Amino acid sequence: MRRNCFIFLLGVMVFPAWGNASDNSAEVIFRAFQEEMDRSLKELKTEDFPQPYFINYQIRHNHRIEVSGSFGALLDSLGKENRRLFVDIRIGSPKFDSSTPGSHKANVKQLIPLDNNLHSLKRALWYETDIRYKQAVMNLLRKKGRKFSGVEKYQLENLSRGNAPVVHMEPVPELEANISEWQNLVRKVSGYFTKYPKIEKSSVKVILDRSVRYYLDSEGNKIQDGYRTYRVLMETWIKTDLGIQIHDEETIYFSSLQQFPSEEELIQKADRLIQETIKLEKAKKMAPYVGPAIFSPEAAAVLFHEAIGHRLEGDRLRMVSDGKTFVQKIGKPILPSFISIVDDPQMKTSEGVALLGHYNYDDQGQKSEKVVLIDNGVLKNFLLSRTPVPGFNKSNGHGRSDGVRFPVSRMGNFAVSSSKRLTGEQLKQRLIEEVKKQKKPFGLIIKKMISGETLTNNSDFQVFKGKPLFVYKVYPEDGREELVRGVEFVGTPLTMISRILTAGDDLTVTNGYCVAESGALPVSSIAPSVLLSEVEMQTSHEMNLRKPILAPPPM
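Please read all numbers here as calculations on a predicted model, not as lab measurements.

Caption draft 1: View of the sheet that holds strand β18 (residues 378–379). Spatially, six strands are ordered β18-β17-β14-β21-β30-β29 in an open sheet, and the strand pairing comes out mixed. In this open sheet, the two edge strands, each paired with only one partner strand, are β18 and β29 (508–516). Pairing analysis gives nine bridges linking β29 to strand β30 (residues 519–527), with the strands arranged antiparallel. Residue G512 lies in a different strand from β30, and its bridge partner there is V523. Sheet strands touched by helix α5 (residues 297–307): β14 (339–343), β21 (413–418), β29 and β30. Its angle to β30, the strand with the most contacts, is close to 125°.

Put into structure tokens, the structure is as follows:
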């Protein structure tokens, strides 16, 4: 059940109805979990099928507060609260059970009461458990049929042994918000954009997300934890003389009100955003290109995330449809010998920046672990959930989900390091040397990124691409840089990563959200700049819209 309400509050608030989600929530929720779980483990069965051997219940109690404005006026000031329920039912045994990739239908969701009413919670659990048990029966029948027909071999077990049962009860982060201050701040910062008539649209948002998770499974794992994330998002839109729409944005993440940027800081960032957008509007459109390029830390983070990270998420190795790029590469070099990669969800900060990918326990009740994925270029491991994959039969705490979809192995804090480190000037000089060596007219520096995506399915092309916002041509004669636009990089993962020549000394944190099989999840990437000997840039799709007929109304 969702509750929407508009908020018109004064001062710094710890909301009495929301701020103490653990006042008696944990007691009531875990009691409902335990009583329904015990009943289902004992009595939920049919004449032809046994009771479940494994049950997992999770509730996410989510809150969002958002204040937004544009051109000096408030647009929204609202709050939203909901609870999400996830139920996993398995019948059979860990060696062969009802689970298959994609078998958990995410679109079946029971409404969860916000009130801590024991009977209502138990009724919601009962209803969803019944649905999931019936799904499990159907999945098991299909699976047995595929095994009998020889379509699937099912040589691996379905559920690896978990850690010793844990009880982990973290304090719930308070829901602190200064609504009146945020409203004034949004008005002032968004009002700054009115000084620039070229900016057609703009927005400034202050967003607070808090989520509290309650987890219980039939193996005895009991977990309460949560996170709180603040962000300020500023966006601008402008059109070129040809009507091509250009969009730029700046997002600042932090975890407490004490870290909230000042009005002066935000106006400085707004001014920089405006100036960058105007520069893009004037930039020339670039033709397709093949040649050397420097990827800034933000661009390198996208490169490693898309080309390497998703292909090291182990659950995909169980999928018949996956390309399994690195399945037979354990112990073999897949990157230059000076590159190493780890994923460590236990890290809370890096270089003083809070990491969105931090968590202590994954969504299968397993302790998160630091995993050395690539050591001096050599592939050592995969990110693993409790789904065994070839050569690995134990989770390393990377089974993650958005609270609705089934958990699969996903990245958390994905950190790239290099034993070869050049300063920014040295890296640019190496680029110029490579341009001259290849007799190219220019090289590229790829800076700010918009997005990245990849395909891992074996029925499609094994490619990935990224869309940079700021691309600079670097001319070898004098090192001059020229801003261009309208291209995106594209490539096959094995080829592109083999082109890395060296890296910079500028490790940088990039926070964001990654959308994949188990939903949109917070992730962090830590990477330095890298120089590639060859990058292919193709023309990107751009939306053409007629510019406004009249100028904006005068201030």
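Caption draft 2: How the structure looks around the nonpolar core. Core analysis: the largest hydrophobic core is formed by 51 residues, its most contacted members being F295, F304, I308, L335, I341 and F489. Contacts of F304, omitting those with residues within four sequence positions, involve G309, L335, I339, I341, F414, V416, I500 and V530. Residues I65, V67, V186 and L273 belong to the second largest nonpolar core, which totals 44 residues.

Caption draft 3: Expanded view of unusual backbone geometry. Its identity as a non-glycine residue notwithstanding, F71 has a phi of 50°, on the positive side. Tracing the chain through its elements places F71 in the loop between β3 (54–70) and β4 (73–90). F71 gets classed as partly exposed once you look at its relative accessible area, which sits at 32%. In this model, E351 sits at a positive phi of 55°, which is unusual for a non-glycine residue. Position of E351 among the secondary structure elements: in the loop between β15 (349–350) and β16 (353–354).

Caption draft 4: Quick peek at the packing of helix α1 (residues 25–43) against helix α2 (residues 118–149). For the pair α1 and α2, the least separation of the axes is 9 Å and the interaxial angle reads 40°. When the axes of α1 and α2 are compared, the pair comes out oblique. Where α1 crosses over α2, the two elements pack in a sense that is right-handed. Of α2, the residues touching α1 (which contributes V28, I29, R31, A32, F33, E35, E36, R39 and S40) are L118, L121, K122, L125, W126 and T129. When the residues that make up the contact of α1 with α2 are grouped by side-chain class, the tally is eight nonpolar, two polar and five charged.

Caption draft 5: Here's a closer look at the pairing of β30. Among the nine residues that make up β30, eight are buried, leaving the element largely enclosed by the rest of the structure. Judged from the three bridges that link them, β21 and β30 form a sheet pairing that is parallel. By the bridge assignment, N413 is partnered in β30 with S524. The antiparallel pairing of β29 with β30 creates a hairpin that spans two residues between the two strands.

Caption draft 6: Fine view of α1. With 19 residues, α1 extends 27 Å from end C-alpha to end C-alpha; this agrees with the ideal 27 Å at 1.5 Å per step. Where α1 is concerned, the buried positions are S25, A26, V28, I29, F30, A32, F33, E36, M37 and S40. Check the buried side of α1 and you find it contacts β3, β4, α2, β7 (167–169), β9 (201–217) and β10 (222–239).

Caption draft 7: Just the pattern of salt bridges, in detail. Counted by the stated rule, this structure contains 30 salt bridges. Its salt-bridge partner being E281, residue K198 comes within 3.3 Å of it at the nearest N-O pair. You can see K198 sitting in the loop between α3 (179–191) and β9 and its partner E281 sitting in helix α4 (residues 263–282), a full 83 residues away along the chain. Of the residues examined, K198 reaches a relative accessible area of 42% and is grouped as partly exposed. Look at E281 and you get buried, because its relative accessible area is 10%. For R430, the salt bridge goes to E433, with nearest N and O atoms at 4.0 Å.

Parameters at a glance
Residues numbered from 1 in each chain as written. Predicted model: local features only at pLDDT ≥ 70, side-chain atom pairs only at ≥ 80, totals over all residues. Heavy atoms only, no water. Pairing = 2+ DSSP bridges. Helix = DSSP H or I, 4+ residues; strand = E, 2+ residues; numbered from the N terminus. Contact = heavy atoms within 4.5 Å. Axes fitted to C-alpha atoms, helices over the stretch in contact; angles between N-to-C directions. Core = buried A, V, L, I, M, F, W, Y, C linked by side-chain atoms within 4.5 Å. Buried < 20%, exposed > 50% of the residue type's maximum accessible area, 1.4 Å probe, protein only. Parallel < 35°, antiparallel > 145°, perpendicular 65-115°, else oblique. Left-handed = near helix turned anticlockwise from the far one by under 90°. Nonpolar A, V, L, I, M, F, W, Y, C, P; charged D, E, K, R; others polar. Expected span 1.5 Å × (residues − 1). Salt bridge = Lys/Arg side-chain N within 4 Å of Asp/Glu carboxyl O.

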